[in-house]
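Residue-level structure breakdown
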Amino acid sequence: MKESWSSVDTLETNFRPLVVIELAKGTKEETIEWFTKRIVDKKANGGAQLLIKPLVTENGNENIYLVGASHLRLLLGAENVGLVKECNDNSMRAFTYSSRKTFKDFADDNQNFLTMSECQYIIKHELENLRAKDEKMIPGYPQAKLYPGKSIVRRLLTNGILVQIFPLHDREELKKLRHTWYGQVKIGYQPLDEIRCYFGETIALYFGFLEYFTFALIPMAVIGIPYYVFAWEDYDKYVMFATFNLLWSTVILEVWKRICAVMTYRWGTLLMKRQFEEPRPGFHGVLGINPVTGREEPVYSSIKRQLRIYFVSVPFVCLCLYFSLYVMMIYFDLEQWALDYHEENKSHFSSLMLYVPSIIYAVVIEIMNRIYRYAAEFLTSWENHRLESSYQNHLILKVLVFNFLNCFASLFYIAFVLFDMKLLRQSLATLLITSQILNQFAESLLPYWLQKRHMKKMKERMHSLKMDTDLSLVEQVNSEKEMGTYLGTFDDYLELFLQFGYVSLFSCVYPLAAVFAVLNNITEIYSDALKMCRVYKRPFAEPTANIGVWQLAFETMSVISVVTNCILIGMSPQVNALFPDSKMDLILTVALVEHLLLAIKFVMAFVIPDKPRDIQIKLAKLEFESLEALKQQMFTESYSYLCDDMREQ
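Residues numbered from 1 in each chain as written. Predicted model: local features only at pLDDT ≥ 70, side-chain atom pairs only at ≥ 80, totals over all residues. Heavy atoms only, no water.

Looking only at helices and strands, the protein has 20 helices and ten strands in total. A burial count over the protein gives 49% of its 649 residues as buried. The long-range share in the protein, meaning contacts at least 24 apart out of those at least 6 apart in sequence, stands at 73%. When the accessible area of the protein is evaluated, it comes to approximately 32800 Å², of which 63% is carbon and sulfur surface. (Helix = DSSP H or I, 4+ residues; strand = E, 2+ residues; numbered from the N terminus. Buried < 20%, exposed > 50% of the residue type's maximum accessible area, 1.4 Å probe, protein only. Contact = heavy atoms within 4.5 Å. Areas by Shrake-Rupley, 256 points an atom, 1.4 Å probe, with all protein chains shown as cover.)

Here you go:
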């Protein structure tokens, strides 16, 4: 018997809180009543058909509500969002309630068939798709206009009525994860499957990529150590190191695609069908009809958006790039001053002063990167992109262009204008090490220290109240709602992208770059794990099949590294000695070798399949079975119609 939404019981005795909703203090009663009614109302009436209870403390209801769902509701929601689960025959298929018995570990009384993060993702999806029907405004707030199809949750957020929505931690599961993840110092792989079950695929893929990139850096680090120890001033011997760098940067990215495909197939996200993207929260425009869905939603002219991009955003980015180059020239003036000071004094202090300009410049670069990030977010939001994916792509492009120039322009200038390999080595080392120290402090140590202080004060205040209610749940909700919000993997991938640039672009003149990158990433794994488990609220799980546009960003950096390393090889005395009479022959030869290596790189990228053979076979088999099932369904329907016609005759 096929279950329908109308048969879902909204009353459940064993209420399991999964998501917390915090409304602003002083929110009007009619608003609360309307919003909670829409959450519990049936799907047929435009509701989410979820469960909701207020969190009552000794001081009364503080406008905090706990949201859950019945087991049947979650199963139907899993089918609605297209979750993929493992079947009894070890294949991966999209979950359907009608075929639930064919899925591994399914039982009607098994509440753990869906992970807690999957349940929270389903609830988030249903809350975000609560849409206005006949309402013209939010009850109690005439200025907050509504129209059919408008997301209620997004409207509440933009008007400050809804403060935040976040998923609750599972204390026992989090404790187990902390112990296996970073609770013990050991050499081993991260528990990626457990991370995925708790935090979702997007975060698990980041930690998987971080771990893979760290292991991939080890060959570069092992080869770089003897180059540093035995050939520090012998630039000729770096030709072989640069050549190895070219092949390394290509192979690791192609191998990652295969590893990523294996992981996401096992997790089911490789097979998840892309849902039609809803308009992003900040998108605005006049009310119109979407030609695809037929729903009413904001419509904004693409011509206006293009005008904003090309006449405002592009000039602003160019102005920021010019300012970055201006700051770089000030840095070189400081370098010259430090060098003159050292030549005049020849002391230990003057030797240390040689590193001061690079350290100051590294700090300034980090400050400029963070300020520009806020400006880029504001500008991209102002461009008014309809889809979240389009917004992210434009934001990432702006940030990457500026960060690339800001972090690497000085190194290009030193290498290809000043031709000072000693200064290049010194600047690269200082920029790399300083940026790593600043990032570790700003992203992990400082937030952890602040959160630890806040948690201590919170516990003292909570225990002094002597509540008669469920103290542990009240304490958990009140402590978690004060935690910082994890803003996604953007900054984490950006840090790895810049690190990849330092290692691949100029590491032939500073072979220890890979060594410091490995050491940094080992601590990064533990510090990022710590901040995910102890510093930030639990983020909602987000299914994903790959690392997205960052794969293209890393591949672009590897192409640039081919060019820079070929030029560095061509600048070496060893290669110059082969062309004593004609510099033009040298340039043509370097260009020919560079084109040849790029061709080899692209051939390797083409030859190495993105997915392993067994994964390709499984995907093809699943597609074939889906087509056969569709044919069988069409045949059954046709046969049924034919029988009906014969009976009528």
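When we look at burial in helix H5 (residues 171-181), the residues that qualify are Leu-174, Leu-177 and Trp-181. Along the axis of H5, the buried positions cluster into a sector of 65°, meaning they face one direction only. The exposed set on the far side of H5, more than 90 degrees from its buried face, consists of Glu-172, Lys-175 and Lys-176. (Arc of directions from axis to C-beta.)

If the charged atoms of two oppositely charged side chains come close together, the side chains can form a pair. Taken as a whole, this structure holds 23 salt bridges when the rule is applied. Counted as one network, the salt bridges with shared partners bring together Lys-85, Glu-118, Arg-196 and Glu-201. (Salt bridge = Lys/Arg side-chain N within 4 Å of Asp/Glu carboxyl O.)

The subject of this paragraph is the nonpolar core. Counting residues in hydrophobic clusters, the biggest one holds 105 residues, and the most contacted among them are Trp-181, Phe-199, Trp-248, Phe-497, Phe-506 and Trp-550. Per element, the largest residue contribution to this core is 14 residues, and it comes from helix H7 (residues 201-230). Not counting residues up to four positions away in its chain, the partners in contact with Trp-550 are Ile-396, Leu-400, Phe-490, Tyr-493, Leu-494 and Phe-497. Membership of the second largest hydrophobic core comes to 53 residues, among which are Ile-39, Tyr-97, Cys-119 and Ile-138. (Core = buried A, V, L, I, M, F, W, Y, C linked by side-chain atoms within 4.5 Å.)

Following the UniProt record, the feature "transmembrane region" (unreviewed entry) maps to residues 212-232, 238-256, 309-332, 352-372, 395-416, 496-519 and 586-608 here. Its end C-alpha atoms 31 Å apart, residues 352-372 is made of 90% helix and 0% strand. (UniProt positions renumbered as here; feature names shortened; annotations may be inferred.)

Time to look at the packing of aromatic side chains. One pass over the structure, following the stated rule, counts 36 aromatic pairs. Measuring from centroid to centroid gives 4.8 Å for Trp-181 and Phe-207, while their planes differ by 75°, and the two rings are edge-to-face. Within this pair, whereas Trp-181 is found in helix H5, its partner Phe-207 is found in helix H7, the two being separated by 26 residues in sequence. The residues Trp-181 and Phe-207 share a single accessibility class, namely buried. For Arg-100, the ring lying beneath its charged end belongs to Tyr-97, and the centroid distance is 4.0 Å. When the ring centre of Phe-540 is taken as reference, the NZ or CZ atom of Lys-124 above it lies at 5.9 Å. (Phe/Tyr/Trp six-rings, centres within 6.5 Å; stacked < 30°, edge-to-face > 60°. Lys NZ or Arg CZ within 6 Å of the ring centre and 35° of its normal.)

Right, let's talk about helix H15 (residues 490-506) for a bit. A turn of α-helix holds 3.6 residues, and therefore any two residues three or four places apart point the same way. Taking 1.5 Å of rise per residue, 17 residues should cover 24 Å, and H15 covers 25 Å from first to last C-alpha, within 8% of that figure. Counting buried positions along H15 gives 16 out of 17 residues, so the element sits mostly inside the fold. (Expected span 1.5 Å × (residues − 1).)

Glancing now at the pairing of strand E1 (residues 19-23). Burial of E1 is extensive: five of the five residues sit out of reach of the surface. Burial along E1 is two-sided: the face carrying Val-19, Ile-21 and Leu-23 and the face carrying Val-20 and Glu-22 are both buried. Judged from the five bridges that link them, E1 and strand E8 (residues 162-167) form a sheet pairing that is antiparallel. From the neighbouring strand, Leu-23 faces E8, where its bridge partner is Leu-162. (Pairing = 2+ DSSP bridges.)

With respect to the helices and strands, Pro-315 occurs in helix H9 (residues 302-345). Look past the residues within four positions of Pro-315 in its chain and what remains in contact with it is Ile-309 and Tyr-310.

Let us look at the confidence of the model for the protein. Of the residues in the protein, 84% have a pLDDT of 70 or more, and the chain-wide mean is 82. Between residues 465-471, whose pLDDT stays under 50, and residues either more than four places distant or in other chains, the model counts ten contacts. (pLDDT = per-residue confidence, 0-100.)

Turning our attention to a nonpolar patch on the surface. There is a patch of nonpolar side chains on the surface, built from Ile-303, Leu-307, Tyr-310, Phe-311, Val-312, Val-314, Phe-378 and Trp-382 and spanning about 850 Å² of accessible area. Taken together, the elements giving at least two residues each to the nonpolar patch come down to H9 and helix H11 (356-382). Sort the elements by how many residues they give to the nonpolar patch and H9 lands first, with six residues. Position of Ile-303 among the secondary structure elements: in helix H9. (Patch = residues over 30% accessible without salt bridge, like charges linked within 9 Å, V, L, I, M, F, W, Y side chains within 5 Å.)

Position of Asn-110 relative to the elements: it lies in the loop between strand E5 (92-94) and helix H3 (116-128). Every residue in contact with Asn-110, bar those within four places of it in the chain, is listed here: His-71 and Asp-105.

Our next topic: the packing of helix H2 (residues 71-81) against H3. H3 packs onto H2 with a crossing angle of 75° between their chain directions and a minimal axis gap of 9 Å. As judged from the angle between their axes, H2 and H3 are roughly perpendicular. Facing H2, whose interface residues are Arg-73, Leu-74, Gly-77, Ala-78, Asn-80 and Val-81, H3 presents Cys-119, Tyr-121, Ile-122, Ile-123, His-125 and Glu-126. Residues of the contact of H2 with H3, tallied by class, amount to seven nonpolar, three polar and two charged. (Axes fitted to C-alpha atoms, helices over the stretch in contact; angles between N-to-C directions. Parallel < 35°, antiparallel > 145°, perpendicular 65-115°, else oblique. Nonpolar A, V, L, I, M, F, W, Y, C, P; charged D, E, K, R; others polar.)

Next up on the list: unusual backbone geometry. Even without glycine at this site, Lys-346 takes up a positive phi of about 50°. In this structure, Lys-346 sits in the loop between H9 and helix H10 (348-353). A positive phi angle, near 65°, is found at Asn-384, a position not held by glycine. Residue position: Asn-384 is located in the loop between H11 and helix H12 (388-418).

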